[in-house]
Amino acid sequence: LGTFHAIGAKMLRRHAELVGLQNNFTILDTDDQLRLLKQLVLAADIDEKRFPSRSLAGLIDEWKNKGLTPKEIDAGESERYANGRGGELYQQYQERLKAVNACDFGDLLLHMLVILRTHRDVLELYQNRFRYIMVDEYQDTNHAQYRLLQLLAEKHRNVCAVGDPDQSI
């Protein structure tokens with residue numbers, strides 16, 4: 001039992017080395033995340049008043065909620081920050097996180113998506129471990145959460161989705 005992020009954190013601690021982290025990684029809070037992004041924005045000589053690091057943080061969070069890694073950010077998406085530099089800064093941000101053995105909240109699911117997509121043995125381990133999956137408030141899942149569920153349930157087709165009766169599932 002747990003939230004997507006709590007379960008993702010437990011799974012990631014067990015398989016952190018597969019995404020270049022150690023299992024004792026730190027999870028950054030919002031203030032630390034913004035501080036790091038501000039450093040990257042200033043180092044890239046981007047006007048922080050015109051392109052606030054908080055905007056970049058929101059964009060990166062949006063990309064992570066969609067399950068997108070920096071390599072999956074196309075020119076159109078990258079264009080959404082600092083005249084096309086969003087993808088580049090997202091890549092730098094992820095590299096810096098890895099260098100300090102840290103991740104942010106969005107990485108708890110994004111890293112597990114990467115692991116499950118690229119390591120069949122790990123995927124099978126969790127598909128067998130989670131024989132039945134129940135999701136409360138299913139209508140509130142984002143794309144990354146949905147994709148994680150889809151991967152975990154593809155073997156047994158075992159998701160029970162509970163949601164708001166006024167929302168279609």
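Residues numbered from 1 in each chain as written. Predicted model: local features only at pLDDT ≥ 70, side-chain atom pairs only at ≥ 80, totals over all residues. Heavy atoms only, no water.

Q: Can you walk me through the side chain of Asp104 in this structure?
A: With respect to the helices, strands and loops of the structure, Asp104 is situated in the loop between strand 2 (102-103) and helix 6 (107-118). For Asp104, a relative accessible area of 4% corresponds to the buried category. Reaching out from Asp104, the side chain makes a polar contact with the side chain of Lys64 at a distance of 2.8 Å. Here Tyr93 takes part through its side chain, which lies 2.8 Å from a polar atom of the side chain of Asp104. Contact partners of Asp104, with chain neighbours within four places excluded, come to Ile27, Leu28, Gln33, Lys64, Tyr93 and Leu97. (Helix = DSSP H or I, 4+ residues; strand = E, 2+ residues; numbered from the N terminus. Buried < 20%, exposed > 50% of the residue type's maximum accessible area, 1.4 Å probe, protein only. Polar contact = N/O pair within 3.5 Å; in protein donor to acceptor, adjacent residues only side chain to side chain. Contact = heavy atoms within 4.5 Å.)

Q: It is not clear to me how the environment of Ala57 should be interpreted in this structure. Could you clarify?
A: Relative to the helices and strands, Ala57 resides in helix 3 (residues 53-65). Along the primary structure Ala57 and Tyr138 are separated by 81 residues, whereas in three dimensions their C-alpha atoms are 25 Å apart. Not counting the four nearest positions on each side in its chain, Ala57 is found in contact with Gln33, Leu34 and Leu37.

Q: When you look at the packing of helix 1 (residues 4-15) against helix 7 (residues 120-129) in this model, what are you seeing that I'm missing?
A: At their nearest, the axes of helix 1 and helix 7 sit 13 Å apart, and the two run at 140° to each other. Compared by their axis directions, helix 1 and helix 7 come out oblique. Our pair here, helix 1 against helix 7, has a crossing hand that is right-handed. From helix 1, Met11, Arg14 and His15 reach across to helix 7, where they touch Val122, Leu125, Tyr126 and Arg129. Split into classes, the residues belonging to the contact of helix 1 with helix 7 amount to four nonpolar, one polar and two charged. (Axes fitted to C-alpha atoms, helices over the stretch in contact; angles between N-to-C directions. Parallel < 35°, antiparallel > 145°, perpendicular 65-115°, else oblique. Left-handed = near helix turned anticlockwise from the far one by under 90°. Nonpolar A, V, L, I, M, F, W, Y, C, P; charged D, E, K, R; others polar.)

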